[in-house]
Amino acid sequence: MTVSILGTRVIRTEDPRFLTTGGVYTDDLALPGACYVHFVRSAVAHARITAVDVSAALEAPGVIAAFTGADLADLDDLAPSMGGMINAQMIQQPLARDVVRFVGEPVAVVVTESRYQGEDAVDLVDVDYDLQPPVVSMTDAVTDGAPVLFPAAGSNVAATFGDRAALKADLFDGCEVVVSRTIVNQRVAPAPMETRAAQAQWGPDGRLTAWIPNQGAQGTRASLAKMLGIDRDQLRIITPDVGGAFGAKFGADPEHAVVCWVARRLGRPARWAETRNENLLGMTHGRAQRQTVTIGGRRDGTVEAYRLEVLQDSGAYPRIGAFLPALTILMCPGPYAIGRAEAVATSVVTNTTPVGAYRGAGRPEATAAVERAMDLFAAEIGADPAEVRRKNLLPAFTDPQTTAFGATYDSGDYGGALAAALDAAGYADLREEQAKRRASGDVVQLGIGLSCYVEITGAGGEAGGPQENATVEVHPDGSATILTGTSPHGQGHSTVWAMLASDELGIPIDKITVKWGDTDLIPEGGGTGGSRSLQLGGAAVQQASQELIDVARSRAASALEVSPADLVYDTALAGFAVAGDPDISVSLAQLASSEQLLVRAVFGAPGATFPFGAHVAVAEVDTETGKTVLRRIVAVDDAGTVINPLLAEGQRHGGIAQGAAQAFLEEVVYDADGNPLTSSFADYAFLTASEVPSFELAEMATPTSYNPLGAKGIGEAGTIGSTPAVQNAIIDALAHLGVRHIDMPATPQRVWEALRAAGTSGAVGVSGTVGASGAVG
Ligand code: MCN
C-alpha cells in the first residue's frame, strides 16, 4: 500500500525557479515594437477640469501621442457593479474628463518610445483645475452641508447595509454594564512587491491579448471586455508571474483598459508598469472603517448584547470596498454566542483613493471590532479578558449552525482554539510576569493581547453554490498537466495541486505541470481570493484525478480484455493491473498514447467554510517613549485538514506579519486638503522582518464536511487573528495606568499621548489622526 503524501511538508516546487532565474513578471516581457504608456495623474483631491493641454508634451523627445479623456469616448465609464447595491451615479471615467476626485486619478496619457522619455513628458501636460472643496474624512462625508462628490447621486452615501431605523432602543435594557466606543480600522495599502502593470497587443484578426498581473484571468477578462466594449472571446488574458496581490489585483482597473485602448488606437503593442509612488496613490487601499461598538452584559462576564455601527470609506469611486461592510456585518458576532446583536453600515465616498479588498476583506474589520469590544467590557468589569471570552464563546459543534446574521458556520471548536493558544503561550506565567513588572513600576511594561475569530472562506455567488474547475491530462510519456481555474500569486498551488493529483494517480510530483491564468486555455475560473482555492480548486483537482481513473478503467479493461471490475488501480504503477495477476497491467501513459486521456471536473461545495482560531500577542511597551516591541505572537489557526503544512504555515506567518503591521505601524494618511502624506515607502511605515519576532504556531484541525479534503481556507487567517491581538496587547500593557483604548496604528506617539492623557484624567482612549481614516472628524 502506498502512503499518502497529503498532509506532508512537500517543499515548494515553484521555488527553485524563483530563487535561481527568477520569475517572469508582466514588465519583464518584451513585446517587439511596444510603446510606453504613462499616466498624468491628478495633483489635487477635488476639482473641475477646465482644460488639458498636451501640446508641450507632444513636442518632447520620443513622444508618440498624448490622449485625454475626450479622446476615449469609446471606452466605457466604470459604473459600480456589485448587484445594484451601490449608488449607480457614482461613475468613474477611465481618464477624468470633467472632475477629478482624488490625488492620483488618471487624467491623461503620454505615449513614448522609451520608458524614461515618458517620465519627463508627463510633467509637460498642463491641466487647469478649478479647485473644489474636498471631502477627506468619512465623517465629513456625512456631515450636513458637506460637498457632494457626485451631485447626481444626491449625497455621498454609496450604500447602506442593515436597517438603521430598525435598531432597537431597548437592545441594552437590563444589562448591568454597557460600554461604547468609536474605534478606527485605519486605511492601509496592500503594497504588493510587484506594482500594477499591463502589456497589450491586438492581432490582425482584431483580437486582443493582454498580459496583466491579476488574481483571476477570467474575471480580469470580464472587466476589461466590458470597459473596452468587446466580446469576451475577442480578448485573451495571460497571467505572467504575479508578485503579490493581497486582494487588490482582482478584475481590471481603468489604467488596464486605457493601455489596451492605446494599443488599438496606435496599432502597435503598448505597455505600462507603475512606479511605487503611483501604486500607493492609485491601487485600491484596504480597511478604512470607523466603527462604533456597544457591548453590554452582566458583571459576571456574560455578554448579553452587542451593536456594531460601521462607517466605510469607499474612497472616490465605489469599488468592492464599498460592499465589504456587508461581510463585516455577516461576521460581526464572531465566534460568540451573544443573545442580542445588531449591525448597520453606511459606505460613503470621499476624495481619496478608492478602497478595495485587502487580505481578509471585511472579516478583519468584524474581528477587530468585537475583540476590542470584549476587552473594553472585560476592563469595565475588572475581569480577565481570557475568562470573558471563554464564558461567551459558542460551544463546539460539528453540525452547521446559522447565526442571526445569516452565516452558516460549518464546524467549530472556538473554546478549544482559545485553550490551545493560552496553553501554548503560557498565559498564567505571562500574567505573573506582567504583575511583577507592574508592581516594580518597570519602565517597560508587558502587555498580553488576545483575539478569537471565526471567518468565512470559499464563499461564492455562483448559482448553486461555490465551485471551481480543474482539468487533468495524462500524457504518453507518463507526465501530467493540470489546468486550474485558480490563480496563485504566492500561495503555492503548483505544489499542492500536483500533490493532490499525484496522490490519486501515482504520477510523481515532478512530472506534473500546473497551468493557470490563460483564458484561451482555461476559459472558466473563479481565481484566487477569499481563501477559496484549496477547498474548491484543490478539491476539483482531486475530483478530476479520480474521474480520470474511472475513464481510464474502462479503456484499460478493453485494452486488457478483462472486466473493469477485475482491475485494480495501482499508484506504484500509475496504471491498472488485473486483480490476482499483477503481471497483466497497463499504465495511464500507455492508455494516453492510443487516445487523449483528459478529464475536466467541476467541484461544487454546499457553501462557504468558516475557519477559526485564537491568537495571543505579547508586547513590551516603553512607558517613557511609547515604543512597542512585539515579543511574541502565538497562533492557533484551524483551517480543517491541512494538505501541506509547510505552505499553510507560510501563509500564516505572512498573514500574521501583515495583520500585526496594521496594529502598530501601517496607515495611509491624508492631510486636510486630501493630499496623501504616505505616497512612498519613506512615509508609509511598511512592515519589515526586523519589526516582528518569528511567530509560534500551534496546531489544531477541525475538518469540514463541505469538501472531501476536509479543508478550509488558511490564506487570510493570520491577518484576521493577529491585528486585534497586537492592538489589545499594547493597550493591555498600559491598562493599569488607566489606558482603555488606543487607535491603530498604535505608534509611539499615540501610546505616549494615551499615557499622558491617562496620567491627567484617568481611563482614556486615544483616537486617530484627522484624515480619511481618522477618528477625529
Ligand atoms: N492550504 C493547505 N491546507 C489548508 C488550506 C490551505 O495546505 N487547509 C494551502 C493551499 O494548498 C495553498 C495555501 O495553503 O497552497 C493557501 O490556500 P487557501 O487558503 O485556499 O488560499 P488561496 O490559495 O485561495 O489564497 C488566497 C489568499 C488571499 S485571499 C490573499 S489576499 C492572499 C493570500 O492568500 N494574498 C497573498 N496569501 C498570499 N500570499 C502571497 N504570497 N501573496 C499574496 O498576495
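Look up a bit, the structure's there.
Below is a short write-up of the structure. Keep in mind it's a predicted model, so treat the numbers as computed, not measured. (Residues numbered from 1 in each chain as written. Predicted model: local features only at pLDDT ≥ 70, side-chain atom pairs only at ≥ 80, totals over all residues. Heavy atoms only, no water.)

A closer look at the overall build of the protein
Consideration 1: The secondary structure content of the protein amounts to 19 helices and 30 strands.
Consideration 2: Radius of gyration (C-alpha) of the protein: 27 Å, near the 28 Å computed for a compact globule of 777 residues.
Consideration 3: With respect to the principal axes defined by its C-alpha atoms, the protein has extents near 90 × 70 × 50 Å.
Consideration 4: Here the protein holds 777 residues, and 61% of them are scored as buried.
Consideration 5: Pairs at least 24 apart in sequence give 79% of the contacts found in the protein among residues at least 6 apart.
Consideration 6: When the accessible surface of the protein is split by element, carbon and sulfur atoms take 52% of a total near 27,600 Å².
Consideration 7: For the protein, the separation between the mean place of its 55 positive charges and that of its 90 negative charges on side chains is 3 Å. (Helix = DSSP H or I, 4+ residues; strand = E, 2+ residues; numbered from the N terminus. Rg over C-alpha atoms; globule rule 2.2 N^0.38 Å. Buried < 20%, exposed > 50% of the residue type's maximum accessible area, 1.4 Å probe, protein only. Contact = heavy atoms within 4.5 Å. Areas by Shrake-Rupley, 256 points an atom, 1.4 Å probe, with all protein chains shown as cover. Lys, Arg positive; Asp, Glu negative; His and termini not counted. Charge placed at Lys NZ, Arg CZ, Asp CG, Glu CD.)

A closer look at the environment of G492
Consideration 1: Considering the arrangement of structural elements, one finds G492 in the loop between strand 20 (480-484) and helix 14 (493-505).
Consideration 2: Separated by 155 residues in sequence, G492 and L647 place their C-alpha atoms 6.9 Å apart.

Examining the site of the ligand
Consideration 1: Around the ligand there are 31 residues in total, and Q491, H493, S533, Q651 and I714 lie nearest to it.
Consideration 2: Between the ligand and R359 there is a distance of 3.2 Å, counted from a nitrogen atom to a side-chain nitrogen or oxygen.
Consideration 3: Contact distances for the ligand include 2.7 Å between an oxygen atom and a side-chain N or O atom of S533.
Consideration 4: Protein contact buries 95% of the 840 Å² of open area that the ligand shows by itself.
Consideration 5: Among the elements that make up the shell around the ligand, the one with the highest residue count is helix 14 (three residues). (Near = heavy atom within 4 Å. Polar contact = N/O pair within 3.5 Å; in protein donor to acceptor, adjacent residues only side chain to side chain.)

Details of the pairing of strand 11 (residues 235-238)
Two faces make up the sheet, and in a regular strand the side chains alternate between them.
Consideration 1: As paired strands, strand 10 (residues 208-211) and strand 11 are joined by four bridges and run parallel to one another. Within strand 11, the position partnered with W211 by the bridge is I238. (Pairing = 2+ DSSP bridges.)

As for the sheet that holds strand 2 (residues 47-53)
Consideration 1: With respect to topology, three strands assemble into an open sheet ordered 4-2-6, the strand pairing being antiparallel. Edge positions in the sheet fall to strand 4 (99-100) and strand 6 (126-131), since each of these pairs with one other strand and no more.
Consideration 2: As paired elements, strand 2 and strand 6 share six bridges and run antiparallel to each other. Its bridge partner lying in strand 6, A47 is registered against L131.

Notes on helix 15 (residues 533-560)
Note that an α-helix has 3.6 residues per turn; residues three or four places apart therefore point the same way.
Consideration 1: Counted at 1.5 Å a residue, the expected span for helix 15 with its 28 residues is 40 Å, and the 38 Å between its end C-alpha atoms agrees.
Consideration 2: One or two residues past the end of helix 15 sits E561, with phi positive at roughly 55°. (Expected span 1.5 Å × (residues − 1).)

What to know about the side chain of R372
Consideration 1: Within the fold, R372 resides in helix 10 (residues 363-381).
Consideration 2: The class for R372 is buried, based on a relative accessible area of 2%.
Consideration 3: Look past the residues within four positions of R372 in its chain and what remains in contact with it is I183, Q727, N728, I731, R740 and H741.

As for the nonpolar core
Consideration 1: Counting residues in each nonpolar core, the largest one holds 77 residues, and the members touching the most others are Y306, M331 and Y409.
Consideration 2: In this structure, Y409 is in contact with M331, G334, L394, F397, P400, Q401, T403, Y414, V454 and F610, ignoring residues within four places of it in sequence.
Consideration 3: Formed by 46 residues, the second largest nonpolar core is a distinct cluster that contains A544, L560, A574 and L591. (Core = buried A, V, L, I, M, F, W, Y, C linked by side-chain atoms within 4.5 Å.)

Comments concerning the sheet that holds strand 25 (residues 597-604)
Across a sheet, paired strands are connected by hydrogen bonds in the backbone, their directions being either parallel or antiparallel.
Consideration 1: Strand order across the open sheet formed by four strands is 21-20-19-25, with mixed pairing between neighbours. Of all the strands in the sheet, just strand 21 (512-515) and strand 25 have a single pairing partner and so form its edges. Pairs of neighbouring strands in the sheet enclose a mean axial angle of 15°, with direction left out of account.
Consideration 2: The sheet contact formed by strand 19 (residues 467-474) and strand 25 spans eight bridges and is antiparallel. Residue V474 lies in a different strand from strand 25, and its bridge partner there is L597.
Consideration 3: Contacting strand 19, strand 20 and strand 21, helix 14 crosses the sheet at an angle of about 130° to strand 21.
Consideration 4: The sheet strands contacting helix 15 are strand 19, strand 20 and strand 25, and the helix crosses strand 25 at an angle near 140°. (Axes fitted to C-alpha atoms, helices over the stretch in contact; angles between N-to-C directions.)

Thoughts on unusual backbone geometry
Consideration 1: Following M744, the chain continues to P745 via a peptide bond in cis, the omega torsion being -10°.
Consideration 2: With a phi close to 65°, A288 is a non-glycine residue in the positive phi region.
Consideration 3: Structurally, the position occupied by A288 is in strand 13 (residues 286-297).
Consideration 4: One non-glycine residue, S531, lies in the positive phi region at around 45°.

Concerning the environment of S42
Consideration 1: If you trace the backbone, S42 turns up in the loop between strand 1 (35-41) and strand 2.
Consideration 2: Residues S42 and T457, spaced 415 residues apart in sequence, show a C-alpha to C-alpha distance of 37 Å.
Consideration 3: For S42, the contacting residues outside a window of four places in its chain are V100, F102, V103, G104, E105, V107 and Y129.
Consideration 4: Within the structure, S42 has its side chain in polar contact with the backbone oxygen of V44 (distance 2.7 Å).

Quick look at the pattern of salt bridges
Consideration 1: Under the criterion given, the structure shown has 43 salt bridges.
Consideration 2: In this structure, the salt-bridge partner of R17 is D241, at a minimum N-O distance of 2.9 Å. One end of the pair, R17, is in helix 1 (residues 15-19); the other, D241, is in the loop between strand 11 and helix 6 (254-266), and 224 residues separate them in sequence.
Consideration 3: Residue R17 is classed as partly exposed on the basis of its relative accessible area, which comes to 37%. (Salt bridge = Lys/Arg side-chain N within 4 Å of Asp/Glu carboxyl O.)

Digging into the packing of aromatic side chains
Consideration 1: The full count for this structure, using the stated rule, is 11 aromatic pairs.
Consideration 2: Taking 6.3 Å as the distance between ring centres and 75° as the angle between the ring planes, the aromatic pair formed by F161 and F323 counts as edge-to-face. Of this pair, F161 sits in strand 7 (residues 157-161) while F323 is found in helix 8 (residues 320-323), placing the two residues 162 residues apart along the sequence.
Consideration 3: Looking at F161, the relative accessible area reads 8%, which means it is buried.
Consideration 4: Relative accessible area serves as the criterion here: at 22%, F323 is assigned to the partly exposed category.
Consideration 5: On the numbers, 5.8 Å between centres and 70° between planes, the contact of F397 with Y414 is edge-to-face. Of this pair, F397 sits in the loop between helix 11 (385-392) and strand 16 (401-402) while Y414 sits in helix 12 (residues 414-425), and the two are 17 residues apart along the sequence. (Phe/Tyr/Trp six-rings, centres within 6.5 Å; stacked < 30°, edge-to-face > 60°.)

Let's talk about the environment of Q401
Consideration 1: Along the chain, the position of Q401 falls in strand 16.
Consideration 2: Each C-alpha atom, one on Q401 and one on A386, is 24 Å from the other, the two residues being 15 residues apart in sequence.
Consideration 3: Excluding residues within four positions of it along the chain, Q401 makes contact with L394, A407, T408 and Y409.

Comments concerning the packing of helix 10 against helix 11
Each pair of packed helices can be described by the angle between their axes along with the distance between the axes.
Consideration 1: Remark: helix 10 packs on helix 11, axes separated minimally by 9 Å, with the N-to-C direction vectors making an angle of 115°. The two elements helix 10 and helix 11 cross, and the hand of that crossing is right-handed. Here helix 10 contributes E371, M374, D375, F377, A378 and I381 to the contact with helix 11, which in turn contributes P385, V388 and R389. (Left-handed = near helix turned anticlockwise from the far one by under 90°.)

What about the side chain of T284?
Consideration 1: With respect to the helices and strands, the residue T284 is situated in the loop between helix 7 (276-282) and strand 13.
Consideration 2: What T284 contacts, discounting residues up to four positions off in sequence, is P190, A248, R319, T353, P354, V355 and G356.

Observations regarding helix 6
Consideration 1: Between the first and last C-alpha of helix 6 there are 18 Å, a value that for 13 residues agrees with the 18 Å anticipated at 1.5 Å per step.
Consideration 2: The element helix 6 is largely enclosed, with a buried count of 10 among its 13 residues.
Consideration 3: The set of residues buried in helix 6 consists of P254, E255, H256, A257, V258, V259, C260, W261, V262 and A263.
Consideration 4: Positive backbone phi, at 65°, marks G267, one or two positions downstream of helix 6.

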